[in-house]
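# Structural overview for review
Each chain, letter by letter, is given below.
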Amino acid sequence: MSARAGSVDAAFSGSGTTATAWVGLLGTVFGILFFALNVNFFKTHFTAESMSGDISEALGIHQWIIVPVAAIIFIAIIYIVNKKVDDFKQNF
């Protein structure tokens, strides 16, 4: 792996820039803040006795609709990341 600052593989080699570290830290802080502000919503909606942990039940749709939709979303993410990151190699 080549370790260029700002590239995708910089996180793996430990040679990321200070800016990317701050972005990661801010993302973590905002995620914690979001959860802290909405913890009551999560407790009432996702720990109710009627919830079995099944995402299809939570969304109110058939379980086999989720599988192809999730596959298409994952394929699109991988395609976009491979297209957007220009480091002359495939990322996945």
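A quick note: this is a predicted structure, and the numbers were derived from the prediction, not measured. (Residues numbered from 1 in each chain as written. Predicted model: local features only at pLDDT ≥ 70, side-chain atom pairs only at ≥ 80, totals over all residues. Heavy atoms only, no water.)

### Quick word on the overall build of the protein chain
Stated formally: Helical segments are the DSSP runs of H or I of at least four residues, strand segments are the runs of E of at least two, and each set is numbered from the N terminus. Accessibility here uses a 1.4 Å probe with only protein chains present; expressed as a share of the type maximum, an area under 20% marks a residue as buried, one over 50% as exposed, and anything in between as partly exposed. Pairs of residues are marked as contacts when any of their non-hydrogen atoms sit within 4.5 Å. Only the protein chains shown count as cover for residues, and all accessible areas are computed by the Shrake-Rupley method using a 1.4 Å probe.
Within the protein chain, the regular secondary structure consists of five helices and zero strands. In sequence order, the secondary structure elements of the protein chain are arranged as α-α-α-α-α. Among the 92 residues that make up the protein chain, the fraction classed as buried is 7%. Sequence separation of at least 24 residues holds for 12% of the intrachain contacts in the protein chain that already meet a minimum separation of 6. Carbon and sulfur atoms make up 71% of the accessible area of the protein chain, which amounts to about 7,700 Å² in all.

### Some remarks on the confidence of the model for the protein chain
This is how it is decided: What pLDDT expresses is the predictor's confidence in each residue, scored from 0 to 100.
Looking at the protein chain as a whole, its pLDDT mean stands at 76, while 65% of the residues score no less than 70. The secondary-structure element of the protein chain with the lowest mean pLDDT is helix H1 (residues 10-13), recorded at 53, while helix H2 (residues 18-37) shows the highest, at 90.

### A few points about a nonpolar patch on the surface
For clarity, the cut-off: Exposure above 30% relative accessible area and the lack of any salt bridge qualify a residue for a patch; like charges then connect within 9 Å, and the nonpolar side chains Val, Leu, Ile, Met, Phe, Trp and Tyr within 5 Å. Here, a salt bridge means any side-chain nitrogen of Lys or Arg that lies within 4 Å of a carboxyl oxygen of Asp or Glu.
A contiguous nonpolar surface patch, about 760 Å² in accessible area, is contributed by Ile-55, Leu-59, Ile-61, Ile-65, Val-69, Ile-73, Phe-74 and Ile-77. Sorting the residues of the nonpolar patch by element identifies helix H4 (55-59) and helix H5 (63-84) as the ones contributing at least two each. Among the elements that make up the nonpolar patch, the one with the highest residue count is H5 (five residues). Examined against the element boundaries, Phe-74 turns out to sit in helix H5. The exposure class of Phe-74 is exposed, given its relative accessible area of 54%.

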